[in-house]
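The chain contents come next:
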Amino acid sequence: MTSYSDFFTASASAGGALTGLLFVALSVSPERLREIAKHQEHQAMAATAFTALIDALFVSLSGLTPGGGTQTVSVIMGVVGLTSTGDLYRRLWQSRHDQTYSKRWPYLLALIIMMYAAQSILGGTAGSASQSDSLSVTFIFIMFAVGIARSWELLGIRGGGPLDLLTERLGPPDPPQ
């Protein structure tokens, strides 16, 4: 195992716990599930939170496999996140005239798409297992931040962070046309 084995152990544990908590948070509030099911933007929040947490979990687990390393799984999870988020972007774009969305969704999803693209590219071009592991640690931190922020946002809790500042800056959602 690499020198990151303790980190990967802790982050795999945290990734599993946070993913489970996301499921619990959504399932204890049936009315929230109905709201998510009918509103595309809420589906996108839930999906991006889940995908980011699963990414961190699987990359961490791959770092713990004997002789494995994170390079291949980083590329695979980056591509999965890229295609998943790209599809969410497409669906929101197509339904933007039918539903009321915040003005920030295109920016947030574009940043998340760039994050997954960077993970795929850097994971695929890492010159060694140790370089891949080092890059993976950075992306695991980013994935946790995205997953937690999107989960927090999905639950409708305002925390005064950068996403709230962006929301205030971009103003209220546009009404459907």
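Chains are numbered independently. Their residues run from 1 in the order of the written sequence. At least 70 in pLDDT is required for a residue's local features to be given in this predicted model, at least 80 for side-chain atom pairs to be given and counted, and no such filter applies to totals for whole chains, interfaces and linings, which use all residues. For the side-chain quantities, the full set of heavy atoms in the structure was used; hydrogens and water were omitted.

Caption draft 1: Expanded view of the environment of T100. Here a strand is any run of E in DSSP of at least two residues, a helix any run of H or I of at least four, and the numbering for each starts at the N terminus. Following the sequence through the fold, T100 ends up in the loop between helix 4 (71–94) and helix 5 (105–125). T100 sits 60 residues away from Q40 along the chain, and the two C-alpha atoms are 9.5 Å apart.

Caption draft 2: Examining the packing of helix 3 (residues 40–64) against helix 4 more closely. What counts as an axis is a line fitted to C-alpha atoms, over the stretch in contact for a helix, and the angles between N-to-C directions run from 0 to 180 degrees. Packing of helix 3 against helix 4 brings their axes to within 10 Å, and their N-to-C directions diverge by 180°. Taken together, the axis directions place helix 3 and helix 4 in an arrangement best described as roughly antiparallel. Across the interface between the two elements, Q40, E41, Q43, A44, A47, T48, T51, I54, D55, F58, V59 and S62 from helix 3 touch V73, S74, M77, G78, G81, S84, L88, R91 and L92 from helix 4. Here the term charged refers only to Asp, Glu, Lys and Arg, the term nonpolar to Ala, Val, Leu, Ile, Met, Phe, Trp, Tyr, Cys and Pro, and the term polar to all other amino acids, Gly among them. Each residue belonging to the contact of helix 3 with helix 4 can be placed in one class, and the counts come to nine nonpolar, nine polar and three charged. Oblique is the label for any angle not covered by the other classes, which are roughly parallel (under 35 degrees), roughly antiparallel (over 145) and roughly perpendicular (65 to 115). Working rule for contacts: check all heavy atoms of both residues, and any pair within 4.5 Å makes them a contact.

Caption draft 3: Focus on the packing of helix 4 against helix 5. Two numbers describe how helix 4 lies on helix 5: the axes approach to 8 Å, and their chain directions differ by 160°. One finds that helix 4 runs roughly antiparallel with respect to helix 5. In the packing of helix 4 onto helix 5, the handedness of the crossing is left-handed. Here the residues of the contact of helix 4 with helix 5 are counted per class, giving 16 nonpolar, 11 polar and no charged. Left-handed describes a crossing in which the near helix is turned anticlockwise from the far one by less than a right angle; the clockwise case is right-handed.

Caption draft 4: Summary view of helix 3. Every helix has an expected span of 1.5 Å times one less than the residues it contains. Relative to the 36 Å expected for 25 residues at 1.5 Å per residue, helix 3 spans 36 Å between its end C-alpha atoms, a close match to the ideal helical length. The buried fraction of helix 3 is high, at 18 of 25 residues. Using a 1.4 Å probe on the protein chains alone, a residue whose accessible area is under 20% of its type maximum counts as buried, one over 50% counts as exposed, and one in between counts as partly exposed.

Caption draft 5: Expanded view of the packing of aromatic side chains. Pairing of aromatic rings covers Phe, Tyr and Trp, the last counted by its six-membered ring, and requires centre-to-centre distances within 6.5 Å; plane angles under 30 degrees mean stacked, over 60 mean edge-to-face, and any other angle means tilted. One pass over the structure, following the stated rule, counts four aromatic pairs. Feature note: the residues Y4, F7, F8 and F141 constitute an aromatic cluster, connected by ring pairs. The ring of W93 has R96 sitting right over it, with the charged end atom 3.8 Å from the ring centre. Only when the NZ atom of a Lys or the CZ atom of an Arg is both within 6 Å of the ring centre and within 35 degrees of the ring normal do we say a charge sits over the ring.

Caption draft 6: Main features of the side chain of S11. Mapped onto the fold, S11 is located in helix 1 (residues 5–27). A relative accessible area of 3% places S11 in the buried class.

Caption draft 7: Geometry of the pattern of salt bridges. A pairing counts as a salt bridge when a side-chain nitrogen of Lys or Arg comes within 4 Å of a carboxyl oxygen of Asp or Glu. Under the definition given, this model contains two salt bridges. D87 is the salt-bridge partner of R91, the closest N and O atoms lying 3.6 Å from each other. Of this pair, R91 and D87 both sit in helix 4, four residues apart, which is roughly one turn of the helix. On the basis of relative accessible area, R91 is assigned to the partly exposed category, the value being 30%. Where salt bridges share partners, they join D87, R90 and R91 into one cluster.

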